[in-house]
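Each chain is listed here by its residues.
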Amino acid sequence: GSWCTSRVMTGLGSGEALIAQLAPIGEKTESDRRPTREDVRVLVVEEEWSRVLTICRRDGSILSEVIRCAWDGRTLANRTKRATFVIPEHHVSVLAHITAEEFAARGRDLELANGLMNRFMFVHATRSKLLPSGGNLSEEDLGGLVARATSAIEAARLRGSVRRTGEAERRWAELYSHMNEDDPGGLVGAVTARDAPMVLRLSLLFSLLDQADDIDVPHLEAAWSLWQYNRASAEYALGD
């Protein structure tokens, strides 16, 4: 649909380009204007993340800063002599691909020091079988997944505040204490430093996908399990 053609970008080359993707199309801005856009979402699909890490190291590059601000929910801004873009509301997602060897070689300096990489989740993926003729889902299976996702999204748009149940609150306190005390140190510790906010966001996501009234213990446990895989993936890429 139109979202796939207009809200998905590839070839991330600069922070300025990412901000421009969120700015109004074909609209010139003045210095004090705050442009608004009907759709403030953008999905960045970057199949050569090592290239992006190289760009982040260049003098004058604001790409790392923009990505970090986007994750934190802060206003994105790019001010030049010709135009000023100020994006107070946005939803930026990044799907990046990199080999473990490339990440170990390129992701150790600036991106670890300034906190860029601990705003990402790591998912080690490997081929499980050979499929010489492909392995696409059937139309029936794909249609079922689309219907379930659509239903969850529509329900989530109507939600206000989402809270944890009493049991989930007690389990969260246990997990929070564990995460506070558990610091693997080194590079793995640097890229998993935001464990609590990551698990919190994941538990909310699982609750919304489940169309539940609250965040319950199963949503927390699912989030915690996924985060454990994230840590194992980081250890695989960066460990000894």
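Residues numbered from 1 in each chain as written. Predicted model: local features only at pLDDT ≥ 70, side-chain atom pairs only at ≥ 80, totals over all residues. Heavy atoms only, no water.

Draft legend 1. Representation of the overall build of the chain. A tally of helices and strands in the chain yields 11 helices and five strands. If you line up the chain on its principal axes, its C-alpha atoms span 55 × 45 × 45 Å. Buried residues in the chain amount to 34% of all 240 residues. Within the chain, residue pairs in contact and separated by at least 24 positions form 75% of the contacts whose partners lie at least 6 positions apart. With an accessible surface of roughly 14800 Å², the chain has 50% of that area assigned to carbon and sulfur atoms. Side-chain charges in the chain split into 29 positive and 35 negative, and the spacing between the mean points of these groups amounts to 6 Å. (Helix = DSSP H or I, 4+ residues; strand = E, 2+ residues; numbered from the N terminus. Buried < 20%, exposed > 50% of the residue type's maximum accessible area, 1.4 Å probe, protein only. Contact = heavy atoms within 4.5 Å. Areas by Shrake-Rupley, 256 points an atom, 1.4 Å probe, with all protein chains shown as cover. Lys, Arg positive; Asp, Glu negative; His and termini not counted. Charge placed at Lys NZ, Arg CZ, Asp CG, Glu CD.)

Draft legend 2. How the structure looks around a nonpolar patch on the surface. Nonpolar side chains collect at one region of the surface, where Leu-137, Leu-142, Leu-145 and Val-146 lie side by side and expose about 350 Å² of accessible area between them. Within the fold, Val-146 resides in helix 7 (residues 139–156). Judged by relative accessible area, Val-146 falls into the partly exposed class, the value being 45%. (Patch = residues over 30% accessible without salt bridge, like charges linked within 9 Å, V, L, I, M, F, W, Y side chains within 5 Å. Salt bridge = Lys/Arg side-chain N within 4 Å of Asp/Glu carboxyl O.)

Draft legend 3. Local environment of helix 4 (residues 63–72). The buried count for helix 4 comes to eight of 10 residues, which makes it a mostly enclosed element. Of the residues making up helix 4, those classed as buried are Leu-63, Ser-64, Val-66, Ile-67, Arg-68, Cys-69, Ala-70 and Trp-71. Elements in contact with the buried residues of helix 4: helix 2 (15–22), helix 3 (49–56), strand 3 (76–79), strand 5 (91–96) and helix 10 (195–209). Once helix 4 ends, the next one or two residues include Gly-73, with phi positive near 80°.

Draft legend 4. Seen up close, the pattern of salt bridges. Across all of its chains, the model carries nine salt bridges by this definition. A salt bridge links Glu-169 to Arg-164; its shortest N-O distance comes to 3.2 Å. We classify Glu-169 as partly exposed; its relative accessible area is 38%. Looking at Arg-164, the relative accessible area reads 23%, which means it is partly exposed. A salt bridge links Asp-182 to Arg-231, with the shortest nitrogen-to-oxygen separation between them at 2.3 Å. Of this pair, Asp-182 sits in the loop between helix 8 (166–181) and helix 9 (186–191) while Arg-231 is found in helix 11 (residues 217–238), placing the two residues 49 residues apart along the sequence. Salt bridges here are not isolated pairs; linked through shared partners, they connect Asp-72, Arg-74 and Arg-119.

Draft legend 5. The layout of surface pockets, seen in detail. Its boundaries defined by the atoms lining it, the largest pocket holds a volume of some 2300 Å³. Along the wall of the largest pocket there are 45 residues; nearest its centre are Leu-43, Val-92, Ser-93, Val-94 and Leu-95. Listed by contribution, the elements that provide at least two residues to the lining of the largest pocket are strand 2 (41–46), helix 4, strand 5, helix 5 (100–106), helix 7, helix 10 and helix 11. Classifying every residue of the lining of the largest pocket gives 33 nonpolar, eight polar and four charged. Its boundaries defined by the atoms lining it, the second largest pocket holds a volume of some 280 Å³. Together, 17 residues line the second largest pocket, and Met-179, Asn-180, Asp-182, Thr-192 and Asp-195 are the ones closest to its centre. Breaking the lining of the second largest pocket down by element, the ones donating at least two residues are helix 8, helix 10 and helix 11. Looking at the lining of the second largest pocket residue by residue, the class counts come to eight nonpolar, five polar and four charged. (1 Å grid on protein atoms, 1.4 Å probe; cavity = no way out; pocket = protein on both sides within 12 Å on 5 of 7 lines; lining within 4 Å. Points joined across faces, edges and corners; volume = space filled by probe spheres on them. Nonpolar A, V, L, I, M, F, W, Y, C, P; charged D, E, K, R; others polar.)

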